[in-house]
Amino acid sequence: MSRFVYADNAATTPVSREVIEEMLPCLEACYGNPSSLHSKGREAKDVLDNSRERVARVLGCDSSEIYFTSGGTESDNWAIRGAAMRMKAKGRTHIVTSQIEHHAVLHTCDALEREGFTVTRIGVDADGVINLDELSDAVNEKTALVAIMYANNEVGTVQPIEKVCEIAHAKGALVFTDAVQAVGNLRIDLSTLPVDMLSLSGHKIHAPKGIGALFVRRGVSISNLIEGGGQERRRRGGTENVAYAVGLAKALEVAEEKLSEMTRVEKMRDRLIDELTKIPYSKLNGHRTKRLPGNANIGFEFIEGESMLLWLDISGICASTGSACSSASLDPSHVLLAMGVPHERAHGSLRLTISHDTTDEDIDYIIETLPPIVEKLRNMSPLWEEIVKKDKATI
Ligand code: PLP
């Protein structure tokens, strides 16, 4: 049996038919600049405003709290830098984040540290859940911002964001959550979730690359990241990408409709986890239950993850070793290392991220294809030979 299985939805997703169908007429006809005063401009502005309202409705906030951006990286940079700059004026020059954030967050914090802010990077437990005691100890009257992701992009662990808000707000700090992996996969209601800022990205939820959004709660003041014309209520310069804003709105609506079908995805994920962890010397990375519905991240000892990826690719399966952004580097994942995963297993970790498009047959195919690949690669490893010898000696 040979087939094509796309199991790298955390890296990116295909643009869905529904999204394309809603974007196409807009790309063709709605070409006006939303800032133009003539009819074509007004038409584009109406479509843009309507998309903002649709995004806000799905997220449970007001449309005045949504700003369109170019994606998750920009939203993350803007939220952190924008909040840091405003809070500095109030004498708050400390930022708290976690060791397992996406590089868009980690590197923005690194840059602010070089500019004079102090940064505390709190640790996580073996399942990748942040340590709330460490967070409580870290946050103080100097803390400007607490930036903790909603769900991790590599291991899928979901963080206790309500508790993070409680701790941070008690000391007057703002809370930003990178929800790029969570939005569309988990129900997020900003009318009850008390974060101050939240980022999301279109290409993780079947909209195109190059569109995202930042939620900034009414009353929260952050400085601009991109200066330009007066777009996005003077907060983010650049002629608005109207067709992509429509695509993002549609993708969010479709994702919301499909949330009730997430148990099917969870069942497929659990089957992957249960079957693949039957392979000797393998272990699930991340929390067993508090994890994204489509994420199965498993570490196989005595194997290089990259070799596994190549063999899977030859068999028609697209997967990843962790973050797509670091896949060009051979360093073990900073997330797995922060969780205390030993180097041997961190190097042999495989992330399979499935979606509503995945079928039971796709899961069967992965379950059937991966074990012989693991065996083949282990048989080439001198370390594995030692283990087999030792095992035989103890029988
Ligand atoms: N944050 C997280 C958790 C992500 O997974 C990603 C993308 O991999 C980003 C931020 C960056 O988003 P974008 O690719 O839209 O810039």
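*Asks:* Let's hear about the sheet that holds strand β12 (residues 349-353): which residues, and what values?
*Replies:* Read from one edge of the open sheet, three strands run β9-β10-β12, paired in antiparallel fashion. Each edge of the open sheet is held by one strand with a lone partner, namely β9 (282-284) and β12. Pairs of neighbouring strands in the sheet enclose a mean axial angle of 25°, with direction left out of account. Looking at chain direction, β9 and strand β10 (residues 295-300) are connected through three bridges and run antiparallel. By the bridge assignment, Leu284 is partnered in β10 with Ile298.

*Asks:* Go over the site of the ligand with me, naming the residues and quoting the values.
*Replies:* By nearness alone, 13 residues border the ligand, and Thr73, Asp178, Gln181, Ser201 and Lys204 come closest of all. Within the contact set of the ligand, an oxygen atom lies 3.5 Å away from a side-chain nitrogen or oxygen of His102. Within the side chain of Ser201, a nitrogen or oxygen atom sits 2.6 Å from an oxygen atom of the ligand. Here the shell around the ligand gets three residues from one element, more than from any other, and that element is helix α3 (residues 72-88). Along the lines of polarity and charge, the residues of the shell around the ligand split into two nonpolar, eight polar and three charged.

*Asks:* Tell me what's going on with the packing of α3 against helix α4 (residues 103-114), and back it up with residues and numbers.
*Replies:* Each pair of packed helices can be summarised by the angle the axes make with each other and by the distance between the axes. Where α3 meets α4, the closest approach of the two axes is 9 Å, and the angle between their N-to-C directions is 30°. Two packed elements cross with a definite hand, and for α3 against α4 that hand is right-handed. In this structure, α3 uses Thr73, Asp76, Asn77, Ile80, Arg81, Ala84 and Met85 to contact α4, whose residues at the interface are Ala104, Val105, Thr108, Cys109, Ala111 and Leu112. Its residues placed into classes, the contact of α3 with α4 shows eight nonpolar, three polar and two charged.

*Asks:* Requested: an account of the pairing of strand β6 (residues 174-178), with residues and values cited.
*Replies:* Across the five residues that make up β6, a large majority, five, are buried. Every second residue of β6 is oriented toward a common face, with Leu174, Phe176 and Asp178 on one face and Val175 and Thr177 on the other, all of them buried. Sheet topology note: the strand β5 (residues 143-147)/β6 ladder contains three bridges and is parallel. Across the sheet, Ala147 pairs through a bridge with Phe176, a residue of β6. A crossover links β5 with its parallel partner β6, the connecting element being helix α6 (residues 161-170), and its sense is right-handed. Pairing of β6 with strand β7 (residues 197-201), which is carried by three bridges, proceeds in the parallel orientation. Across the sheet, the residue bridging to Asp178 is Ser199, located in β7.

*Asks:* Before we move on, can you summarise the pattern of salt bridges with the specific residues and values?
*Replies:* With the rule as written, the count across this model stands at 20 salt bridges. Residue Glu43 pairs with Lys40 through a salt bridge whose shortest N-O separation is 2.7 Å. Of the two residues, Glu43 and Lys40 both sit in helix α2 (residues 39-59), three residues apart, roughly one turn of that helix. The shortest N-O distance in the salt bridge between Asp62 and Arg218 comes to 3.3 Å.

The rules behind each value
- Residues numbered from 1 in each chain as written.
- Predicted model: local features only at pLDDT ≥ 70, side-chain atom pairs only at ≥ 80, totals over all residues.
- Heavy atoms only, no water.
- Pairing = 2+ DSSP bridges.
- Helix = DSSP H or I, 4+ residues; strand = E, 2+ residues; numbered from the N terminus.
- Axes fitted to C-alpha atoms, helices over the stretch in contact; angles between N-to-C directions.
- Near = heavy atom within 4 Å.
- Polar contact = N/O pair within 3.5 Å; in protein donor to acceptor, adjacent residues only side chain to side chain.
- Nonpolar A, V, L, I, M, F, W, Y, C, P; charged D, E, K, R; others polar.
- Left-handed = near helix turned anticlockwise from the far one by under 90°.
- Contact = heavy atoms within 4.5 Å.
- Buried < 20%, exposed > 50% of the residue type's maximum accessible area, 1.4 Å probe, protein only.
- Right-handed = clockwise from strand over helix to strand, strands pointing away.
- Salt bridge = Lys/Arg side-chain N within 4 Å of Asp/Glu carboxyl O.

These results come straight from atomic positions and should not be treated as a statement about function.
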